[in-house]
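Remarks on the overall topology
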Amino acid sequence: MCGIVGYVGNQEAAPILLDGLARLEYRGYDSAGVAVFGNSGLKVAKAKGRLRVLSDQIQEGRAIQGQLGIGHTRWATHGAPSDVNSHPQVSQSGKIAVVHNGIIENYAQLKEFLVGHGVPFTSETDTEVVAQMIEYFYDGDILKAVGRVLHRIEGAYALGIVCSDEPDRLIAVRKDSPLILGLGEDFNFLASDVTAIIKHTRDVIYMEDGELAELTQTGVRCYNNLLESVEKEVFHVDWEIDAAEKGGYEHFMFKEIMEQPEALRRTVFPRIKDGEVIFEDFGLDDDYIRQINKIYIVACGSSYHVGMVGKYNLEQLLRLPVEVALASEFRYMEPIVDERTLVVVISQSGETLDTMAALREAKRLGGKILSIVNVVGSSIARESDVVLYTWAGPEIAVATTKAYSTQLAVVDLLGLYFARRRETMTEERYGQVIQELLLLPSKLEQVLESTQDIQYYASQYFNHDSVFFIGRNMDYALGLEGSLKLKEISYIHSEAYASGELKHGTISLIEDGTLVVALATYDKLFDKAMSNVVEVKSRGADVLALTTKNHAEEMGKTANGMITIPTTDELLLPSLGVVPLQLLSYYIALMRGCDIDKPRNLAKSVTVE
Ligand code: F6R
């Protein structure tokens, strides 16, 4: 939530900040602002609305001169989106400007304290408290003032700070919100993530919780919260700028859907050698793997839906209890975790606050943490005992697609790896699944060739206002993702139901013309799926079915419309099945004129509770 970027160097800062913010806009987009220090002092410009509004206001940055500055794109938490609540927030004298991602939990007490000392406030934000507090403690050294404030603020924050009395220094601070530093020859950056700065540098430092950094044109210094100097490792990011650009596609979401075969090849192929799953430098030894007595999968949103499929797959492969918990619930439910519990944490961003909190709780209870993460060096990756990266490349669209697919593939690889060591699979079945995993990218390419059919169905159904996704077992788990994808980008109300549950209440909502997306990919339960299709059709539903090619003929006799996927091993069906559902949501949202990459009220990385 919220994107921040800061630059100090020998070029004009404002255009660079605007460009960085454009790449971070997926993190929040209800208002934006910049503060730049130049010959005429510290200039602040901010505006409610998309970044374009700010950019027009400051003539693409030409209207504000200076070679040091900070910028922000906001997803409002405290205070409605408005010009005044936008960041940067400045102190009463206008000397200190702050951009912030996160929430200051004790801002009300701090505000009361400052108001008691005569400090006037202009916004409703928690961030203004930070700017005012820094000024309150400022006595000529901005780093020291920030250090003092850090001991008084509680909550989550990534902060970029400038002070007009020390116009050659940028200060960066992080706790529980992502922040990286980008290092260049004659410039340095701070940013919420690598996409904002990859155009300028690939050398980055990942800041740890409680750390501060001081950036000048010629160098970067990092400190712990006692302001003692700390040495940091510099990482080299190896992906290309094109990965974070639309490359001719109208939307990132569509580009990312199309990238799935390649993302799967990157994720899966290097981990299969001579027909065996291998994880290099894997931190779990075979003895531990054999001793695991329970797997807990913890995640949010689509990553949680991966966990739902994962439960079916892992339980089938390992005959071991697998529980799936929403990260936001996990830490409040007194979970049963011990040293033989493997806690699998799934997160694209690696920064989701609820997931991070669940990870810490699981660790506290003694569990071993294995995370499946896309963003290298993210907080969740760093705090886990073992990390398996998904190598999907940067995912920019708010609605996840390629991260979901690659997470699922990693869960399957993990299941196979464990099954080998726990001897729960026959050689033959193991070989079959490996073979199908290797074929998955090309089968996915076949699915992506049938976009025209899906476009046709989208044109039939885009004006519906309520949709049900039904399925059993893995098809139910798949339906959860299909339903989320549709509602988040098209704003159509949709729900996923385990088909057997319909008759316990939901079926009363089915009437003439209700769209039911019936998921019937799972061979073992095809007959059951068929009877549910008949059941809803007889109540007037319009049924769009998703099934495998070998069941097309039979399904075609009953369903009103049908999308097919190639056959594969049953474990991998959701990996193929999800793609038509992503495309259906995409085309429906397109036909409804929705802002596909930036759906209302959402942000890509959810770093608030
Ligand atoms: C939906 C979506 C979200 C995320 C969720 C978790 O399309 O993208 O539901 O899956 O916010 O995010 P990560 O995986 O970054 O922890």
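A brief look at the structure comes next. Just so you know, these numbers come straight off a predicted model, no measurement behind them. (Residues numbered from 1 in each chain as written. Predicted model: local features only at pLDDT ≥ 70, side-chain atom pairs only at ≥ 80, totals over all residues. Heavy atoms only, no water.)

1. Some details on the site of the ligand
- As a structural note, the neighbourhood of the ligand is formed by 14 residues, with Ser303, Ser347, Ser349, Thr352 and Glu488 the closest of them.
- The contact in question runs from an oxygen atom of the ligand to an N or O atom on the side chain of Ser303, over 2.6 Å.
- At a separation of 2.7 Å, an oxygen atom of the ligand approaches a polar backbone atom of Gln348.
- Starting from 410 Å² of accessible surface for the ligand in isolation, the protein chains cover 89%.
- When its residues are assigned to classes, the shell around the ligand shows four nonpolar, eight polar and two charged. (Near = heavy atom within 4 Å. Polar contact = N/O pair within 3.5 Å; in protein donor to acceptor, adjacent residues only side chain to side chain. Areas by Shrake-Rupley, 256 points an atom, 1.4 Å probe, with all protein chains shown as cover. Nonpolar A, V, L, I, M, F, W, Y, C, P; charged D, E, K, R; others polar.)

2. As for unusual backbone geometry
- For the bond running from His87 to Pro88, omega is 0°, close enough to zero to count as cis.
- The phi torsion at Arg319 lies on the positive side, around 50°, for a residue other than glycine.
- Mapped onto the elements, Arg319 comes out in the loop between α9 (301–318) and β19 (322–326).
- Accessibility expressed as a relative area gives 65% for Arg319, which makes it exposed.
- Positive phi is not limited to glycine here, since Glu423 has a value of about 55°.
- With respect to the secondary-structure elements, Glu423 resides in the loop between α13 (402–422) and α14 (427–449). (Helix = DSSP H or I, 4+ residues; strand = E, 2+ residues; numbered from the N terminus. Buried < 20%, exposed > 50% of the residue type's maximum accessible area, 1.4 Å probe, protein only.)

3. With respect to the sheet that holds strand β6 (residues 96–104)
- Strand order in the open sheet formed by seven strands is β5-β6-β7-β8-β12-β13-β14, and the pairing between neighbours is antiparallel. The strands lining the two open edges of the sheet, one partner per strand, are β5 (89–90) and β14 (229–230).
- On the sheet, helix α5 (residues 142–150) packs against β6, β7 (155–163), β8 (170–175), β12 (211–215) and β13 (220–223) and is oriented at approximately 20° with respect to β8. (Pairing = 2+ DSSP bridges. Contact = heavy atoms within 4.5 Å. Axes fitted to C-alpha atoms, helices over the stretch in contact; angles between N-to-C directions.)

4. Comments concerning the packing of aromatic side chains
- Considering all chains together, one arrives at 18 aromatic pairs under this definition.
- Seen in terms of ring centroids, Tyr389 and Trp391 are 5.3 Å apart; in terms of plane orientation they differ by 45°. Their pairing is tilted.
- Each residue in the set Tyr249, Phe254, Tyr586 and Tyr587 is aromatic and connected to the rest through ring pairs, giving one cluster.
- Over the ring of Tyr288 we find Lys368; its NZ or CZ atom is 5.5 Å from the centre of that ring.
- The ring centre of Tyr430 lies 4.1 Å from the NZ or CZ of Arg420, which sits over that ring. (Phe/Tyr/Trp six-rings, centres within 6.5 Å; stacked < 30°, edge-to-face > 60°. Lys NZ or Arg CZ within 6 Å of the ring centre and 35° of its normal.)

5. What to know about the environment of Arg271
- Relative to the helices and strands, Arg271 resides in the loop between α7 (260–268) and β16 (272–273).
- Owing to a relative accessible area of 10%, Arg271 belongs among the buried residues under this scheme.
- Between the C-alpha atoms of Arg271 and Thr122, which are 149 residues apart in sequence, the distance is 55 Å.
- A polar atom in the side chain of Arg271 sits 3.2 Å from the backbone oxygen of Thr267.

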